[in-house]
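Residue-level structure breakdown
If you want the building blocks of each chain, they are given just below.
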Amino acid sequence: MAEQSNKRFARFGWLAGAIGVAVLGFSLLSFNGRTVAQPVAPPTVSSGSFADVIESVSSAVVNIAVSKVETAEPTVFQFSQPGVPGQRLPFNDFFEFFGGPNQEQPQRRSEGQGSGFLIDASGYIVTNNHVAGDADKITVTLQDGRKLDAALIGRDPKTDLALIKVDAEDLPYVAFGDSNRARVGDWVVAIGNPFGLGGTATAGIISARGRDIQSGPYDDYLQLDAPINFGNSGGPVFNVAGEVIGVNTAIFSPNGGNIGIGFAIPANQAKEIVADLKENGSVERGWLGVQIQDLDEELADSLGLNSERGALVAEVVGDGPAAKGGVQSGDVITHFNDVEIDSSRTLSRTVAGAAPSKPAKVTVWRDGRSRELNVELGEAAQTEQVAALNPGGAGQQGGTVLGLTLRPLTDENRARLGLPNDVQGALVATVVPGSPAAEKGMRPGDIITRVNQQNVASVGEAAAALNAAKASGDRALLLVRRADSQRFVALSFS
């Protein structure tokens, strides 16, 4: 469960799976006396009833029980005299000897439940990574009551998908549908294992598309109002034709329970990930080697753009694919392989879907005009993002002065801030509350390295560049470094 902007998005895998799950159907055909499982034909939906859909698909949904061994937290007994906080008494060390962190800690087995669905007759099952990805033991229960041990084939934490397999034949299964054709307002059906009760069906509509809940770099969720609860994680969402259009992953839960807002990974994204997991056990993603951020009105205006569409390059990884292809900090990427880029997240997902070690055509806006660059993508490491989304986007426009006090960036300050010796710029010493700088999220310890695309190596150069910006216009475009990331900030003088 993660908390973002006073909202709670919950994922339940270990001690309960958290999303509405749907189930898939099948029919049986006989060839030469042998019964072979086949995907179910689309059912005819009776007006006002989902009974035919549910009946046709429910046999392909499975319940998943997981367990793993965890180390219990150490118990350390501490004693102190009343009114003397933090005081240690002589026999504290005696108790710590029996329960302190240096001793071998007891282990315990934790258990949880979730859902999944069969995608072929040989036993491949799709579920969530947070359900099965870290399990030591996975047990699958089929609709007919059979319990089968499952093996983990592969997992992808960044999209929260996992592929497991049971050793069986002629199992019921279903296929993915085309989630791109799913529209807001379409009916959907979820079938899963809420609270361990077994197969349960719920229905609702698609409430929204393209939701970003800040759970990962590739968020593109379908938002659903079909009721989904603990134990439903990893199950599919069906359209009225019995096709899987999503994999349930999270719910919006401000009070710890279900309020009717759930999120599912779109089928088109899921089937690409599942195909990679089935073939390789992991996902290969393209890597561009840039740190990016979204544009706002002031940033777009500062760069001579008439819209806020595109991804602004805040930093280019040294010796990375983008650097070798000529991409520069301050470029706005507007197209990638003929895909129009409307936001930094769109670029991140598009690059991730491109094949590593393949050429890509990147269109950037630089110095008032578009340029086409050819970049040979690298392969993203499992712990990296293909195009890092810059933390702390631009905020709202503030008062009438910039509200910054600058100081020299000394070697001592570099050491204190953990900056490399080659970082040059002006250190932000104070930020006036309510000023444009404060409203844009700047804070003491930030380093201004560029003003209006001009590198600044000292307070004097930064001040001169800011004065020149004020004389020539009503705003300044700053490149601000914080720790190991950078972002652009547009500050208004008016």
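Residues numbered from 1 in each chain as written. Predicted model: local features only at pLDDT ≥ 70, side-chain atom pairs only at ≥ 80, totals over all residues. Heavy atoms only, no water.

Turning our attention to the overall build of the protein. Counting secondary structure elements, the protein contains 10 helices and 31 strands. In the protein, buried positions account for 49% of the 494 residues. Intrachain contacts of the protein at a sequence separation of at least 6 include 66% that bridge at least 24 residues. Summing over all exposed atoms, the protein offers an accessible surface of approximately 23000 Å²; the carbon and sulfur share of this is 48%. (Helix = DSSP H or I, 4+ residues; strand = E, 2+ residues; numbered from the N terminus. Buried < 20%, exposed > 50% of the residue type's maximum accessible area, 1.4 Å probe, protein only. Contact = heavy atoms within 4.5 Å. Areas by Shrake-Rupley, 256 points an atom, 1.4 Å probe, with all protein chains shown as cover.)

The next point concerns the pattern of salt bridges. Overall, the coordinates contain 18 salt bridges when judged by the stated rule. Across the salt bridge formed by D186 and R183, the nearest N and O atoms sit 3.9 Å from each other. Assessed through its relative accessible area of 25%, D186 is described here as partly exposed. Taking relative accessible area as the criterion, R183 reaches 58% and is therefore assigned exposed. A single salt-bridge network, built from bridges that share partners, covers D296, E298 and K440. (Salt bridge = Lys/Arg side-chain N within 4 Å of Asp/Glu carboxyl O.)

Because an α-helix packs 3.6 residues into every turn, residues spaced three or four apart end up facing the same way. With 14 residues, helix α10 (residues 459–472) ought to run about 20 Å at 1.5 Å a step, and its terminal C-alpha atoms sit 20 Å apart, in line with that. All of the buried residues in α10 are A462, A465, L466 and A469. End-on, the buried residues of α10 take up no more than an arc of 100°, which puts them together on one face. Structural note: α10 exposes N467 and A471 on the side pointing more than 90 degrees away from its buried face. Those residues of α10 hidden inside the fold are in contact with β26 (404–408), β27 (426–431), β28 (447–451), β29 (454–455) and β30 (475–482). The N-capping residue of α10, defined by a side-chain oxygen 3.2 Å from the backbone nitrogen of E461, is S458. (Expected span 1.5 Å × (residues − 1). Arc of directions from axis to C-beta. Polar contact = N/O pair within 3.5 Å; in protein donor to acceptor, adjacent residues only side chain to side chain.)

Where burial is concerned, most of strand β11 (residues 187–192) is hidden: five out of the six residues are buried. Of the pairings in the sheet, the one linking β11 to strand β12 (residues 200–211) comprises six bridges and is antiparallel in character. Along β12, the bridge assignment pairs A190 with T202. In terms of strand pairing, β11 meets strand β14 (residues 236–238) through two bridges, oriented antiparallel. Considered in β14, the bridge of V189 is made with F238. (Pairing = 2+ DSSP bridges.)

Under the 1.5 Å per step criterion, the end-to-end length of helix α4 (residues 267–280) is 20 Å for 14 residues, consistent within 8% with the ideal 20 Å. Those residues of α4 that fall on the buried side of the exposure criterion are A267, N268, Q269, A270, I273, V274 and L277. Immediately beyond the C-terminal end of α4, within one or two residues, lies G281, with a positive phi of roughly 80°.

Ranked by internal contacts, the top residues of the largest apolar core, which has 28 residues, are F117, I119, V126, L161, L163, F176 and V247. Broken down by secondary-structure element, the contributors of at least two residues to this core are β7 (124–127), β10 (161–166), β11, β15 (244–252), β16 (262–266) and α4. Beyond its immediate stretch of four places on either side in the chain, V247 contacts F117, V126, N128, L161, F176, G234, G235, P236, F263, A264, I265 and A270. One finds I292, A311, I341 and V362 within the second-largest nonpolar core, a separate group that totals 20 residues. (Core = buried A, V, L, I, M, F, W, Y, C linked by side-chain atoms within 4.5 Å.)

Time to look at the side chain of S329. Positionally, S329 belongs in the loop between α6 (321–325) and β20 (332–336). A relative accessible area of 17% places S329 in the buried class. For S329, the side chain forms a polar contact with the main-chain oxygen of A314, separated by 3.0 Å. Every residue in contact with S329, bar those within four places of it in the chain, is listed here: V313, A314, E315, V316, R450, Q453, L479 and F488.

Here the focus is the packing of aromatic side chains. Evaluated as defined, the whole model comprises three aromatic pairs. On the basis of an interplanar angle of 80° and a centroid distance of 5.8 Å, the ring pair of F117 and F176 is categorised as edge-to-face. Placement of the pair is F117 in strand β6 (residues 107–118) and F176 in the loop between β10 and β11, with a sequence separation of 59 residues. The pair formed by F117 and F176 is uniform in burial state, with each residue classed as buried. Cation over ring: K165 sits above Y124, and NZ or CZ is 5.4 Å from the ring centre. (Phe/Tyr/Trp six-rings, centres within 6.5 Å; stacked < 30°, edge-to-face > 60°. Lys NZ or Arg CZ within 6 Å of the ring centre and 35° of its normal.)

Another point: unusual backbone geometry. With a phi angle near 55°, D170 is a residue other than glycine that sits in the positive phi range. Tracing the sequence through the fold places D170 in the loop between β10 and β11. Using a relative accessible area of 29% as the deciding quantity, one classes D170 as partly exposed. Even without being a glycine, S357 presents a positive backbone phi close to 65°.

What follows concerns the pairing of β16. Counting buried residues along β16, five of its five residues qualify, which places the element largely inside the surrounding structure. As paired elements, strand β13 (residues 221–224) and β16 share three bridges and run antiparallel to each other. Its bridge partner lying in β16, Q223 is registered against F263. Where β15 and β16 come together, five bridges link them in antiparallel fashion. Each residue of the ladder has a partner; that of V247, found in β16, is I265.

The residue S58 is located in the loop between α1 (51–57) and β5 (61–71) in this model. Look at S58 and you get buried, because its relative accessible area is 17%. Polar side-chain contacts of S58 include one of 3.2 Å to the side chain of Q143.

Inspection of the secondary structure assignment puts G320 in the loop between β19 (311–316) and α6. For the pair G320 and V375, spaced 55 residues apart in sequence, the C-alpha to C-alpha distance is 9.9 Å.

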